[in-house]
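Structural overview for review
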Amino acid sequence: MPVQTASLLAAVREVALPARGDHPALDRLLAARARPPALLALGEPTHGVEAFPRLRNELLAHLVERHGFRSVALESDCLAAAAVDDHVTTGEGDLDDVLATGFSHGFGASPANRELVTWLRDHNAGRHPDDQVRFHGFDAPLEMTGAAGPRASLLAAHAYLAAHLGAGRVSHDAAALDALLGDDAPWTDPRALTDPSLSVGDTAEARTLRLAADDLVTLFEVEAPRLRAAGPRTAYERALTAARTARGLLRYHAAMASSAPGRVSSMLGLRDLMMAENLVAIARAQARRGPCLVFAHNHHLHRGQSSWELAGMDLRWWSAGALAAETLGDGYAVVAADAGDVEGEPAGRADPGSLQAVLADAVSGLAPFPAFFPAEALAGVLAAHPGVRARADAGPGYFPFDPGQLGDVDAVAFLTSAR
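Notes on the structure in this doc start here. From a predicted model like this one, the values you see are computed outputs, not experimental measurements. Within every chain, residues take consecutive numbers counted from 1 along the sequence as written. Thresholds applied to this predicted model are a pLDDT of at least 70 for local features of residues and 80 or more for the giving and counting of side-chain atom pairs; totals over whole chains, interfaces and linings are not thresholded and use all residues. Only hydrogens and water are removed before side-chain values are computed, so all heavy atoms of the structure are retained for them.

Okay, empty space enclosed by the protein next. Buried and open spaces are told apart on a 1 Å grid over the protein atoms alone, a cavity being a set of points where a 1.4 Å probe fits but cannot get out and a pocket being an open set with protein on both sides within 12 Å along at least five of seven lines. Residues with an atom within 4 Å of a point are the lining residues. Grid points are joined across faces, edges and corners, and a volume is the space filled by probe spheres set on the points. Enumeration over the complete set of coordinates arrives at three cavities of 30 Å³ or more. Reported here for the largest cavity is a volume of approximately 70 Å³. Contributing to the lining of the largest cavity are N298, H299, L301, H302, V334, A336, F399, P400, F401, Q405 and V409. For the lining of the largest cavity, the elements supplying multiple residues, two or more each, are α14 (298-301) and β10 (332-339). In terms of residues, the lining of the largest cavity owes the most to one element, α14, which gives three residues. Here a strand is any run of E in DSSP of at least two residues, a helix any run of H or I of at least four, and the numbering for each starts at the N terminus.

The subject of this paragraph is the pairing of strand β3 (residues 71-77). Note on classification: 1.4 Å probe, protein chains only; a residue is buried when its accessible area is under 20% of the maximum for its type, exposed when over 50%, partly exposed between these limits. Along β3, seven of the seven residues are buried, which leaves the element largely enclosed by surrounding structure. In this analysis, strands are considered paired if DSSP registers two or more bridges between them. One ladder, built from five bridges, connects β3 with strand β4 (residues 134-139); its direction is parallel. Counterpart to V72 in the pairing with β4 is F135. As paired elements, β3 and strand β7 (residues 292-297) share four bridges and run parallel to each other. Looking across to β7, one finds that L74 is bridged to F295.

Here is the rule: rings of Phe, Tyr and Trp (six-membered ring for Trp) pair when centre to centre is within 6.5 Å. Planes less than 30 degrees apart are stacked, more than 60 are edge-to-face, and the remainder are tilted. Applying the stated criterion to the full structure yields four aromatic pairs. Centroid distance F103 to F135: 5.6 Å. Interplanar angle 65 degrees. Geometry classified as edge-to-face. Of this pair, F103 sits in the loop between α5 (95-101) and α6 (111-124) while F135 sits in strand β4, and the two are 32 residues apart along the sequence. Residue classification places F103 among the buried positions, given a relative accessible area of 7%. Classification of F135 as buried rests on a relative accessible area of 2%. Ring geometry for Y160 and F220: centres 5.9 Å apart, planes at 15 degrees, overall stacked. Here the residue Y160 occupies a position in helix α7 (residues 151-165), and F220 occupies one in helix α10 (residues 204-222), the gap between them amounting to 60 residues.

Before going further, it helps to spend a moment on the packing of helix α2 (residues 24-31) against helix α3 (residues 51-67). Interaxial angle, 0 to 180 degrees, is taken between N-to-C directions of lines fitted to C-alpha atoms, where a helix line uses only the stretch in contact. Where α2 meets α3, the axes come as close as 11 Å, and the angle between the chain directions of the two elements is 55 degrees. By the angle class used here, α2 and α3 are oblique. Handedness of the α2/α3 crossing: right-handed. Of the residues in α3, those in contact with L26, D27 and L30 of α2 are L59, H62, L63, R66 and H67. In what follows, roughly perpendicular refers to angles from 65 to 115 degrees, roughly parallel to angles under 35, roughly antiparallel to angles over 145, and oblique to any angle outside these ranges. By convention, the crossing between two helices is left-handed when the near helix turns anticlockwise from the far helix through less than a right angle, and right-handed when the turn is clockwise. By the convention used here, residues are in contact when the closest approach between their heavy atoms is within 4.5 Å.

A few words now on the packing of helix α1 (residues 6-15) against helix α16 (residues 355-362). Relative orientation and spacing of two packed helices are given, respectively, by the angle between their axes and the distance between those axes. Packing of α1 against α16 brings their axes to within 9 Å, and their N-to-C directions diverge by 70 degrees. Judged on the interaxial angle alone, α16 and α1 are roughly perpendicular. Taken together, the residues of α16 that come into contact with α1 (itself represented by L8, L9, V12 and R13) are V358, L359, D361 and A362. When the residues that make up the contact of α1 with α16 are grouped by side-chain class, the tally is six nonpolar, no polar and two charged. Residue classes follow a fixed rule: Ala, Val, Leu, Ile, Met, Phe, Trp, Tyr, Cys and Pro count as nonpolar, while Asp, Glu, Lys and Arg count as charged, and any other residue, Gly among them, counts as polar.

For the rest of this paragraph, the subject is unusual backbone geometry. We note that H105 has phi near 60 degrees; this positive angle belongs to a residue other than glycine. Inspection of the secondary structure puts H105 in the loop between α5 and α6. The backbone phi angle of A311 is positive, close to 50 degrees, even though this residue is not glycine. Here A311 shows up in the loop between β8 (305-310) and β9 (313-318). The class of A311 is exposed, set by a relative accessible area of 74%.

On to the pairing of strand β2 (residues 39-44), then. Most of β2 is tucked away, with six of its six residues classed as buried. Side chains L39, A41 and G43 of β2 all project onto a buried face; the interleaved residues L40, L42 and E44 project onto the opposite face, where all are buried too. As paired elements, β2 and β7 share six bridges and run parallel to each other. The residue of β7 that forms the bridge with L42 is F295. Two elements, β2 and β10, share four bridges in a ladder whose sense is parallel. Residue pairing across strands places A41 opposite V334, the latter belonging to β10.

Before going further, it helps to spend a moment on the nonpolar core. Residues belong to one nonpolar core when they are buried, are Ala, Val, Leu, Ile, Met, Phe, Trp, Tyr or Cys, and are joined through side-chain atoms within 4.5 Å. In terms of nonpolar packing, the biggest core is built from 45 residues, with V12, L39, F138, V294, L301, Y332 and F373 touching the most fellow members. If you tally residues by element for this core, the top one is helix α13 (residues 263-286), at six residues. For L301, the residues in contact, after removing those within four places along its chain, are A41, L42, G43, F138, V294, F295, A296, G321, Y332 and V334. Formed by 42 residues, the second largest nonpolar core is a distinct cluster that contains L17, V98, F372 and A413.

In the analysis that follows, any N or O atom pair within 3.5 Å is treated as a polar contact, provided that within protein one partner can donate a hydrogen and the other can accept it, and provided that, for residues neighboring in sequence, both atoms belong to side chains. The opening residue of helix α8 (residues 174-181) is D173, an N-cap whose side-chain oxygen sits 3.0 Å from the backbone nitrogen of A175. A positive backbone phi angle near 65 degrees is found at G182, which sits one or two residues after α8.

Function-wise, these values are silent; they only describe arrangement.
Below is the structure:
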């Protein structure tokens, strides 16, 4: 049974790093590291609550000014994000159009994301490209209702390679690929998400396309020095992203066509693998410019295995953070975020034995600023006061941070209220 005693609250307050307007807590977290992370990830426990992306915006401005961060990456379609990046670096496009087409998952409707894009455009205006803050999406073109087809990404990657290496160097013909792709409708049929028999992901044509996509990615890798020198770096990065996306989508559609018991977990794992590949690519491409702030759901960013109980299924898969950290090591750091009172959830501290209630009571005097808790220190306090658990009265879509995951993050950013 959780014991929320005065000694527990005092111990929690002792390890808290209060963040005032200039975020000394974040500065202390970064200063404690042997080297700055290439990627600093900030998670959120649910989507659609504006307090968390607004915290992201505030931290990004601080990181750009004080720590030389020069890019931000969101859990949004990696291909569509090019429209946002072009807008914030060159002014190209109308803001409303960019928000409508440059984000997936409906995130373009978020006021905080509008504020982010506007701030990036204003900050970048008149600056040298090397000093601008770039925008990236690192999610695949996937939605809860289904997946995009591979046509756009596969043919874009092929066209780039053919233009820079010559058609004779590319082992597949664009017209032949187009014929294998067939109509787009079967690829995007939402019924295939729940009925594997309706998926075209394991047809003979799809299997041939998977081999072709793998060949294109390989060609990007073996010809990387030549391709990087052939034109603008951004064009190369986007073409390579398209090639990886085509390969990832074809893998995802193949998993969608499977009737194996672990089908949905495999699909979730493949999505996070695509995310991880994009994160590693962003870290490498932006290394010469400065670190990147990453923002997504906590489940995608922590360094552990994610889980989700959905429609009677116990789903488990390795998060994008866990996979990216395999490559980046201590170049990847993650701060999970949560709050004591979350919009859309039962009002107030409805679950007093939870970590969320303990943290809220411990730092209640710090509102509206967040408090940062170094994960190792907080884990030590909770080990001495056993019984504290994650909030148990959360509704669908909100995943309260579980103290058992403290070993998978570097810190927790906590808001007393996210309403």
